[in-house]
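# Notes for the structure review
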Amino acid sequence: MAHFQLVLYVNDIFVDFPMFKKLLLLFIAFSLSHSLSLTAEESVPVAVSSLAQSTADYASATYQQAMTESLAQLVSFNTVAVEGLPSPENPVHQGFKQELARQADQLGLDFSDYGYVVVIGLGQSDERLGLITHGDVQPADPSKWLKSPFELDATSEPGILLARGAEDDKGPISTAMYAMKAIKDKEISLKRRIELYVYMAEESDWAPLEAFVKTHPMPQLNITIDANYPVVTAEKGYGTVKMTFPNKVLNSDKPYIKSFSGGFFTSQIPEDAQAIIAHANSNLLEKIITQAAKQKGMIYSYDWHDDELIITALGKSTHSSEPQHGKNAIAHLAALLSDRHWPNNASGALVNFINTHLGTGIYGELFGKIAFKDAFMGPMTVAPTVLTQKDHGIELSINLRQPRGKTLEQLTEEINQTLIQWQQKNQVNLLNIDVDISEPFVQTDAPQVPTLLAVFAHYTGIKDAQPISIGAGTNSRLFPTAVVFGPAMPGKPYTGHSEHEFVSVEQFVLNLKMYTAAMVELAGEP
Ligand SMILES: [Zn+2]
């Protein structure tokens, strides 16, 4: 309605300038039709076509077993990055890519190896639909798994398939390949060629992919299958703050923290931590046990070694973009020791710092002014994730996930201010301070969103699904129009990066249906 009023108004004003008026009216007519079509897309639910439904049914009825066997092969390769060894030269990565080539060939899909990136394709067309995945994984601690993390375990817990990569991101690779196979079997004519991208260093180094997308012609429409449903249009920025607490020899017969260790890798909320307290006594232990009783979800064990008290903490690991689903063992163990200011050797200073500026909260509330939130993207999250014993002291890595709303300069400045003040107040000179933060990502141009929401609504019964923002970062930002579509259900903890990574059989099959239907809708000839 506003547009019609504007046309009349413009008509009156520009009556003496016919050419200008014509151009302006053309422009307004264009905006009007454009905005009407957008409104229609948003307000009228998109129905899932019968072709998409029948192909999805065929895929799930025919290929559940084969898809599971495919995943079993893919997870058997420990494709964690090896420092100093580029993926194209890593023999395990080479073996993984050969397995992908073998499976693609068996399914009648084409296969191209570009080194860091593999493309598995179906159909011929200049117009293309890209599915974005990755074949590398985060490390796994075998002692935490009932079977090897690199063996698909379908029996330990009924109904779920456990393995490193089951959810992040090898499950989606197998699912996409069998969705493509079903589309090929059904001889669906494609207006867009379908291309499955498998990047081999998503968890460690995005530079090779950034270089690749500059020289490789990208699909016009892209879907990343590496996080959550229903559709992810915004991702927080990833930040790491590192600092080293310097070694200092203490000659004291009073209690002090002799060592403090914990954590595994920077994008995992740590579930293990350990502290050794020298010259401890039963009085101190009693206080600690009283504190421990106030914490929920943490398990502690205590050992004595002469007058040294060894405290071992077990929390719950989770992806560091979802700290609310985990229990941070480093933060909680430090909190047990928060009744005093410890002598400033490396471990003592570290514990003092954690208790002053991190605490057991997850939003950075104690870290100077850094806490903030965005209405759509949610709050900034802040978590200590890894402690590394270095020659000169203990390095603390803190993982940040920030929404839009602050410039990187402002955030960096706020972090540095807090560190400066803490050092002055505590007479500690932190070494090797490093603040490295990336921009959050918001996708504003994604014409496939209504179709993806319709597929999601049809298969889950969740009718009012809307685009969401997540704490994790995916490769979406490097591909034009890309948004995330699964594989994890909204609200459920994402198990990738945890020591209990799995995909449920039910979800695995549901993903096959939804990915098949989405591909038919977006790539099939109408
Ligand atoms: Zn991933």
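Rules used throughout
- Residues numbered from 1 in each chain as written.
- Predicted model: local features only at pLDDT ≥ 70, side-chain atom pairs only at ≥ 80, totals over all residues.
- Heavy atoms only, no water.
- Helix = DSSP H or I, 4+ residues; strand = E, 2+ residues; numbered from the N terminus.
- Buried < 20%, exposed > 50% of the residue type's maximum accessible area, 1.4 Å probe, protein only.
- Lys, Arg positive; Asp, Glu negative; His and termini not counted.
- Salt bridge = Lys/Arg side-chain N within 4 Å of Asp/Glu carboxyl O.
- Polar contact = N/O pair within 3.5 Å; in protein donor to acceptor, adjacent residues only side chain to side chain.
- Contact = heavy atoms within 4.5 Å.
- Axes fitted to C-alpha atoms, helices over the stretch in contact; angles between N-to-C directions.
- Parallel < 35°, antiparallel > 145°, perpendicular 65-115°, else oblique.
- Nonpolar A, V, L, I, M, F, W, Y, C, P; charged D, E, K, R; others polar.
- Pairing = 2+ DSSP bridges.
- Donors = N, O, S within 2.8 Å, 3.2 Å for Na, K, Ca; no water.
- Phe/Tyr/Trp six-rings, centres within 6.5 Å; stacked < 30°, edge-to-face > 60°.
- Lys NZ or Arg CZ within 6 Å of the ring centre and 35° of its normal.
- 1 Å grid on protein atoms, 1.4 Å probe; cavity = no way out; pocket = protein on both sides within 12 Å on 5 of 7 lines; lining within 4 Å.
- Points joined across faces, edges and corners; volume = space filled by probe spheres on them.
- Domains from an automatic or database assignment.

### Things to note about the side chain of Glu 167
Relative to the helices and strands, Glu 167 is located in the loop between strand S4 (160-162) and helix H5 (170-185). Within the buried set, Glu 167 has no salt-bridge partner at all; the shortest N-O distance to an opposite charge, 8.7 Å, is to Arg 164. A distance of 2.6 Å separates the side chain of Glu 167 from the side chain of Thr 495, its partner in a polar contact. Filtering out sequence-adjacent residues up to four positions away, Glu 167 remains in contact with Pro 172, Pro 487, Ala 488, Tyr 494, Thr 495, Gly 496, Glu 501 and Phe 502.

### What about the packing of helix H8 (residues 329-336) against helix H9 (residues 346-357)?
Where H8 meets H9, the axes come as close as 9 Å, and the angle between the chain directions of the two elements is 100°. Considered as vectors, H8 and H9 are oriented roughly perpendicular to each other. Contacts between H8 and H9 pair Ile 330, Ala 331, Ala 334 and Ala 335 from the former with Val 351, Ile 354 and Asn 355 from the latter. Taken together, the residues of the contact of H8 with H9 sort by class into 6 nonpolar, 1 polar and no charged.

### Observations concerning the sheet that holds strand S20 (residues 431-437)
Within a sheet, each strand pairs with its neighbour through backbone hydrogen bonds, oriented either parallel or antiparallel. Pairing is antiparallel across the open sheet formed by 4 strands, whose spatial order is S18-S19-S9-S20. Two strands in the sheet have a free side with no partner beyond their single neighbour: strand S18 (381-389) and S20. Going across the sheet, the axis of each strand differs from the next one's by a mean of 15°, ignoring polarity. The pairing of strand S9 (residues 237-246) with S20 spans 5 bridges and is antiparallel. Bridge pairing links Thr 240 to Asp 436 in S20.

### Things to note about the coordination of the zinc ion
Around the zinc ion, the protein supplies His 134 (NE2), Asp 168 (OD) and Asp 226 (OD) as donor atoms, at distances of 1.8 to 2.2 Å. Each donor residue of the zinc ion lies on the same chain, and together they follow the pattern H-x33-D-x57-D. Here His 134 is found in strand S3 (residues 128-134), whereas its partner Asp 168 is found in the loop between S4 and H5, with 34 residues between them in sequence. Residue classification places His 134 among the buried residues on the basis of a relative accessible area of 0%. Of the residues examined, Asp 168 reaches a relative accessible area of 4% and is grouped as buried.

### Side note on the packing of aromatic side chains
The relation between two aromatic rings is expressed through the spacing of the ring centres and the mutual angle of the planes. Under the criterion given, the structure shown has 16 aromatic pairs. Measuring from centroid to centroid gives 5.3 Å for Tyr 63 and Tyr 178, while their planes differ by 50°, and the two rings are tilted. Here the residue Tyr 63 occupies a position in helix H3 (residues 50-75), and Tyr 178 occupies one in helix H5, the gap between them amounting to 115 residues. Residue classification places Tyr 63 among the buried residues on the basis of a relative accessible area of 12%. The lysine or arginine in question, Lys 186, covers the ring of Tyr 58, its NZ or CZ lying 4.4 Å from the ring centre.

### A closer look at the layout of surface pockets
Volume-wise, the largest pocket comes out at about 1100 Å³. Around the largest pocket, the lining is made up of 39 residues, and of these Gln 138, Glu 203, Ser 204, Tyr 238 and Thr 266 lie nearest the centre. Of all the elements in the fold, those that place two or more residues in the lining of the largest pocket are S9 and S20. Here the lining of the largest pocket takes 4 residues from S9, the largest share from any one element. Tallied by class, residues from the lining of the largest pocket come to 13 nonpolar, 12 polar and 14 charged. Viewed by domain, the lining of the largest pocket spans two of them, domain 1 (50-235 + 441-523) and domain 2 (237-437), each represented by three or more residues.

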